[in-house]
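A structural walkthrough
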Amino acid sequence: MGVARLLAKGWVVFCLFAGAHALALDLRGSVPPLQAATGAAICVFLFAAMGLLFVAGFGLSSAGGPHLLRTRLASRRFLPGFDGAVFLAFVAVSFAQIFVIPFIGGSAAGHGLQKAMDFVVPGLAGIDARLSACGITPLYIYSISLSSAVTWLLAMIFLASAVSRIRLSAGLLRLERVQHPTPFGPTVLAAIYGTVAIIAFQLLYMGSAYPLLPCKAFYRVTGAVLIGLAPLLLSYLIYASLVALVASGPEHHDRES
């Protein structure tokens, strides 16, 4: 749950998700499959390498030397645990919406979910207002709104599921810090993650970011990432901040509870 590892995992997920959407957009635009796959793979590799190089530099400067950094990257802790596997599964489900929404969008279940999430997530109204101002057709607005509603639902389910095991995760974080000390303690991590989560919450959940987007962004990879991935990343960040916050408290509190 360290900063470098969290950044690395988040960047890899972002690159793969954005690359998959770029590939899907190219295929819809009648680009030959081999050409589309090659272009997407090159872009994903370059962007992933650039981000991971930055993260590795950050980890190298704070991990106590190259040997310790190699030990951390080679350890099994870099592989996703149960919560990480659930998160990746939800990311895959969110991406699969581009194939499913056209079939379920007009159903009663689709309309019901969209209306329910409109009530729960204020940011969905911001998306609708921005798309309406762009002169986009109501059918496309509804499709994007429903896709965003599904993603927010997945994000809430993941957060509720992960928080139910938060004391176990906090205990693992304590053990990890004993074995591999880091310059950031749990209190500092909780403050960093919490600050970023609050800003992202205002931008995404409350919808402050959507009026700032150009209209063409909703037709491109930028809109796909904001609609289909950003809520899930926000839920994971909130979970990470809560784990760090619980881990910063005295251990005997967990035992007594």
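Because the structure is predicted, anything quoted here is derived from the model rather than measured.

Conventions adopted
- Residues numbered from 1 in each chain as written.
- Predicted model: local features only at pLDDT ≥ 70, side-chain atom pairs only at ≥ 80, totals over all residues.
- Heavy atoms only, no water.
- Disulfide = S-S within 2.5 Å.
- Helix = DSSP H or I, 4+ residues; strand = E, 2+ residues; numbered from the N terminus.
- Buried < 20%, exposed > 50% of the residue type's maximum accessible area, 1.4 Å probe, protein only.
- Phe/Tyr/Trp six-rings, centres within 6.5 Å; stacked < 30°, edge-to-face > 60°.
- Salt bridge = Lys/Arg side-chain N within 4 Å of Asp/Glu carboxyl O.
- Contact = heavy atoms within 4.5 Å.
- Axes fitted to C-alpha atoms, helices over the stretch in contact; angles between N-to-C directions.
- Parallel < 35°, antiparallel > 145°, perpendicular 65-115°, else oblique.

**What about the state of the cysteines?**
Counted according to the given criterion, the structure contains 1 disulfide. Across the disulfide from C134 sits C215; the S-S distance is 2.0 Å. Disulfide C134-C215: torsion about the S-S bond near -85°, hence left-handed. Of this pair, C134 sits in the loop between helix 6 (123-133) and helix 7 (138-163) while C215 sits in the loop between helix 9 (186-205) and helix 10 (221-228), placing them 81 residues apart in sequence. Relative accessible area serves as the criterion here: at 29%, C215 is assigned to the partly exposed category.

**Looking at the packing of aromatic side chains**
The final tally for this structure, using the stated rule, is 11 aromatic pairs. Both rings, one in F95 and one in F99, keep their centres 5.9 Å apart while their planes meet at 75°; by these two values the pair is edge-to-face. In this pair, F95 and F99 both sit in helix 4 (residues 82-104), 4 residues apart, roughly one turn of the helix. Each ring, one from F201 and one from Y205, has its centre 4.6 Å from the other, and the planes form 20°; the classification is stacked. Taken together, the positions of F201 and Y205, both in helix 9 and 4 residues apart, correspond to about one turn of that helix. The class of F201 is partly exposed, set by a relative accessible area of 33%. On the accessibility criterion, Y205 (15% relative accessible area) is buried. Every member of this aromatic cluster is reached through a ring pair, and the members are F87, F158, Y236 and Y239.

**Comments concerning the pattern of salt bridges**
Per the counting criterion, the structure on display carries 1 salt bridge. Note that R165 is salt-bridged to D83, the shortest N-O span being 2.4 Å. Note that R165 is positioned in the loop between helix 7 and helix 8 (166-179) and D83 in helix 4, a separation of 82 residues in sequence. Classification of D83 by relative accessible area gives buried; the value is 12%.

**Thoughts on unusual backbone geometry**
Despite not being glycine, S30 shows a phi value in the positive range, around 65°. Position of S30 relative to the elements: it lies in the loop between helix 1 (3-28) and helix 2 (33-62).

**So, the side chain of S145**
Inspection of the secondary structure puts S145 in helix 7. When residues no more than four places from it in sequence are discounted, the contact partners of S145 are Q114, D118, L124 and D128.

**Re the packing of helix 10 against helix 11 (residues 230-247)**
The interhelical angle for the contact between helix 10 and helix 11, taken along N-to-C directions, is 45°, at an axis separation of 4 Å. When the axis of helix 10 is compared with that of helix 11, the two are oblique. Packed against helix 10, whose contacting residues are V225, L226, I227 and G228, the element helix 11 presents A230, P231 and L232 at the interface.

Honestly, it's all geometry; don't read function into it.
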